[in-house]
Amino acid sequence: MNIIDTALADVKLLKPQVFKDGRGFFMETFRDGWFKENIADRTFVQENHSKSSKGVLRGLHYQTENTQGKLVRVVVGEVFDVAVDMREGSPTFGKWAGATLSAQNQYQLWIPEGFAHGFYVLSNTAELTYKCTDYYKPEAEQVLIWNDPAIGIGWPLQTAPLLSPKDLAGKTWAQAEKLRLTLSR
């Protein structure tokens, strides 16, 4: 697996080795020892699967308790995936990184604890799976508004995004609760 740096030092794009032939393909998407040695010494406790339609924007979500590191990959379609550093004291505090993840490019994105996460669907539909380092705690979930100019995310919008009421009511960067996490590998 190749590791590709992003604009945020702790957020990594992973490119698996894919073996293709006339029958299809095979790739290893996760190996615990390799991940702990090369990316982060974490244990995953939950895996989720999300399906969305074209133009849906989900996020930017994070938790103030049970903070979750996420290893995200797209199994159907294509999305623009984003992480925003919410960790006070971090050298990249308030900065964002984005990457196009698709079933075709087969990249994965590692988003450590302490980052808000969201994505915008570029294809007709998209399905994501993601492993989490802690359990979802709905009462600790926060939403950072997707379009705050203080953050300035360069979303590749094709149409006006479709958002849930929860995501429409997200807080601005100035209002959002920040995290006192400085986790490293």
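For the structure itself, consult the block above.
In this report, we go over the structure that sits alongside the text. From a predicted model like this one, the values you see are computed outputs, not experimental measurements. (Residues numbered from 1 in each chain as written. Predicted model: local features only at pLDDT ≥ 70, side-chain atom pairs only at ≥ 80, totals over all residues. Heavy atoms only, no water.)

## A few points about the side chain of Ser90
To keep things clear, this is the line we draw: Secondary structure follows DSSP: runs of H or I at least 4 residues long count as helices, runs of E at least 2 residues long count as strands, and numbering of each begins at the N terminus. Think of a polar contact as two N or O atoms within 3.5 Å of one another; within protein, one of them needs to be a possible hydrogen donor and the other a possible acceptor, and neighboring residues in sequence only count if both atoms come from side chains.
Relative to the elements of secondary structure, Ser90 occurs in the loop between β8 (78–85) and β9 (96–102). Here the side chain of Ser90 touches Asp85 through a polar contact of 2.6 Å, side chain to side chain.

## Section: the nonpolar core
Counted only if it meets this: Buried residues of nine kinds, namely Ala, Val, Leu, Ile, Met, Phe, Trp, Tyr and Cys, make up a nonpolar core once their side-chain atoms join them within 4.5 Å. Exposed residues in this analysis have more than 50% of their type's maximum accessible area, buried residues have under 20%, and partly exposed residues fall in between, with area computed by a 1.4 Å probe over protein chains only.
One finds Val79, Leu101 and Leu109 to be the most contacted residues of the largest nonpolar core, which totals 21 residues. Of all elements in the fold, only β7 (70–76), β8, β9, β10 (108–111), β11 (115–121) and β12 (125–132) reach the threshold of two or more residues within this core. It is β12 that provides the largest number of residues to this core, a total of four residues.

## Description of the pattern of salt bridges
Rules: Salt bridges are counted wherever a side-chain nitrogen of Lys or Arg sits within 4 Å of a carboxyl oxygen of Asp or Glu.
Counted by the stated rule, this structure contains eleven salt bridges. The partner of Asp10 in a salt bridge is Arg87, with the nearest N and O atoms 2.8 Å apart. With Asp10 in the loop between β1 (2–5) and β2 (12–15) and Arg87 in the loop between β8 and β9, this pair connects stretches of sequence that are 77 residues apart. Of the residues examined, Arg87 reaches a relative accessible area of 3% and is grouped as buried. Taking the shortest distance from any N to any O, the salt bridge between Asp85 and Arg87 comes out at 2.9 Å. Across this residue pair, the class does not change: Asp85 and Arg87 are buried. Look at the salt bridges and you will find they share partners, linking Asp10, Asp85 and Arg87 into a network.

## Re the pairing of strand β4 (residues 24–27)
This is how the line gets drawn: Only strands that DSSP links by at least two bridges are regarded as paired with each other.
In this sheet, β4 lies alongside strand β3 (residues 18–21) in antiparallel orientation, the contact comprising four bridges. Pairing of Phe19 across the sheet is with Phe26, part of β4. The antiparallel hairpin formed by β3 and β4 contains two residues in its connecting segment.

## Some points on the sheet that holds β10
Inclusion rule: Here an axis means a line fitted to C-alpha atoms, over the contact stretch when the element is a helix, while the angle between two N-to-C directions is reported on a 0 to 180 degree scale.
Strand order in the open sheet made by the six strands is β1-β2-β10-β7-β12-β5, with antiparallel pairing throughout. Each edge of the open sheet is held by one strand with a lone partner, namely β1 and β5 (46–53). Geometrically, the sheet is characterised by an average inter-axis angle of 25° between neighbouring strands, direction not taken into account. Judged from the eight bridges that link them, β5 and β12 form a sheet pairing that is antiparallel. When the sheet's bridge partners are listed, Ser52 is paired in β12 with Ala126.

## Comments concerning the side chain of Lys70
Stated formally: His is not counted, nor are the chain ends; Lys and Arg add positive charge and Asp and Glu add negative charge. Contacts are assigned to residue pairs with any non-hydrogen atoms lying within 4.5 Å of each other.
With respect to the helices, strands and loops of the structure, Lys70 is situated in strand β7. Buried charge without a salt bridge: Lys70, with Glu141 as the nearest opposite-charge side chain at an N-O distance of 6.5 Å. Non-local contacts of Lys70, meaning those with residues more than four positions away in its chain, are made with Leu109, Trp110, Ile111, His117, Tyr130, Lys131 and Cys132.

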